[in-house]
Amino acid sequence: AQRVTQPEKLLSVFKGAPVELKCNYSYSGSPELFWYVQYSRQRLQLLLRHISRESIKGFTADLNKGETSFHLKKPFAQEEDSAMYYCALIGGTSYGKLTFGQGTILTVHP
Amino acid sequence: DAGVIQSPRHEVTEMGQEVTLRCKPISGHNSLFWYRQTMMRGLELLIYFNNNVPIDDSGMPEDRFSAKMPNASFSTLKIQPSEPRDSAVYFCASSRRLAGEDGELFFGEGSRLTVL
């Protein structure tokens, strides 16, 4: 079975502070990991995928297979980063079944 | 393209009533997903289709829930009879590649259901 855990439902930081949204997963094979974001009044959308190894809007995420984690990080948070963030996983034989975590609401205060 | 289109955007109904949620995926996408979002559980996959065929419905909570995809451009999620615990936001999403294997799903704006 595949499972994604985001331990923090709410996370608050001040503008300019570093932010880390935690994500742990459970899967016996080699998963593909993703971060999705939902800004206020907007649709849920893909933020980044681990295979791309890219930085999007200043966010990066590194897959740590030893710790089964895929934490999302940004060195200097901005107010416009306030949103709901979901970590998601696809297992190898699940035909693209995307399993989401419970989500973390990030609030960046001015 | 207008993206994934869901209707209704908001639905308030009384316990015991039938609820039908509708979804139009992006043209050319061959996989369609129904998710339910609640504060307690986050996003839960209810069912997904590939080329109009249901692939995995293990997330459908009870027999009260059913979903159909009669053609490539339309899907419905039906709850009969509805109960207060079904109150949630229901999202439809579609993907262009086989069952979303690249991980990118395109979501609709959601249907917020309130069952009194």
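The structure under discussion appears in the preceding block.
Residues numbered from 1 in each chain as written. Chains lettered and ligands numbered in written order. Predicted model: local features only at pLDDT ≥ 70, side-chain atom pairs only at ≥ 80, totals over all residues. Heavy atoms only, no water.

### Remarks on the interface of chain A and chain B
Logical step 1: Taken together, the contact between chain A and chain B spans 20 residues of the former and 26 residues of the latter.
Logical step 2: Around 1,800 Å² of area is buried between chain A and chain B when both sides are counted, 51% of it from carbon and sulfur atoms.
Logical step 3: Across the contact surface, chain A and chain B share two salt bridges.
Logical step 4: Here Arg-43 of chain A and Glu-109 of chain B are joined by a salt bridge, their closest N and O atoms 3.9 Å apart.
Logical step 5: Here chain A is connected to chain B by seven residue pairs in polar contact (both at pLDDT 80 or more).
Logical step 6: Looking at the side of chain A that touches chain B, the elements that each hand over two or more residues are strand S5 (32-38), strand S6 (45-49), strand S9 (83-90) and strand S10 (98-100) of chain A.
Logical step 7: With four residues, S5 of chain A is the largest single contributor of residues to the side of chain A that touches chain B.
Logical step 8: When the residues that make up the side of chain A that touches chain B are grouped by side-chain class, the tally is 10 nonpolar, five polar and five charged. (Contact = heavy atoms within 4.5 Å. Buried area = accessible area lost by both parts, 1.4 Å probe. Salt bridge = Lys/Arg side-chain N within 4 Å of Asp/Glu carboxyl O. Polar contact = N/O pair within 3.5 Å; in protein donor to acceptor, adjacent residues only side chain to side chain. Helix = DSSP H or I, 4+ residues; strand = E, 2+ residues; numbered from the N terminus. Nonpolar A, V, L, I, M, F, W, Y, C, P; charged D, E, K, R; others polar.)

### Some thoughts on the packing of aromatic side chains
Logical step 1: Taken as a whole and assessed by the stated rule, the structure comprises 10 aromatic pairs over all chains.
Logical step 2: Ring centres of Tyr-36 of chain A and Phe-100 of chain A lie 5.4 Å apart, and the angle between their planes is 70°; this geometry places the pair in the edge-to-face category. With Tyr-36 of chain A in strand S5 and Phe-100 of chain A in strand S10, this pair connects stretches of sequence that are 64 residues apart.
Logical step 3: With centroids separated by 6.1 Å and ring planes inclined at 75°, the aromatic side chains of Phe-100 of chain A and Phe-107 of chain B adopt a geometry described as edge-to-face. Of this pair, Phe-100 of chain A sits in strand S10 while Phe-107 of chain B sits in strand S10 (residues 106-107), placing the two residues on different chains. Just as Phe-100 of chain A is buried, Phe-107 of chain B falls in that class too.
Logical step 4: Members of the aromatic cluster, each reached through a chain of ring pairs, are Tyr-36, Tyr-86 and Phe-100 of chain A together with Phe-33, Tyr-35, Tyr-48, Phe-91 and Phe-107 of chain B. (Phe/Tyr/Trp six-rings, centres within 6.5 Å; stacked < 30°, edge-to-face > 60°. Buried < 20%, exposed > 50% of the residue type's maximum accessible area, 1.4 Å probe, protein only.)

### Regarding unusual backbone geometry
Logical step 1: Across the junction of Ser-7 of chain B and Pro-8 of chain B, the peptide omega takes the value -10°, indicating a cis bond.
Logical step 2: Here the residue pair Gln-80 of chain B and Pro-81 of chain B is connected by a cis peptide bond, since its omega of -5° sits within 30 degrees of zero.
Logical step 3: Positionally, Pro-81 of chain B belongs in the loop between strand S8 (74-79) and strand S9 (88-95).
Logical step 4: Phi angles above zero are rare outside glycine, and Thr-68 of chain A is one such case at about 45°.
Logical step 5: As for its placement among the helices and strands, Thr-68 of chain A is situated in the loop between strand S7 (60-61) and strand S8 (72-74).
Logical step 6: The class of Thr-68 of chain A is partly exposed, set by a relative accessible area of 29%.

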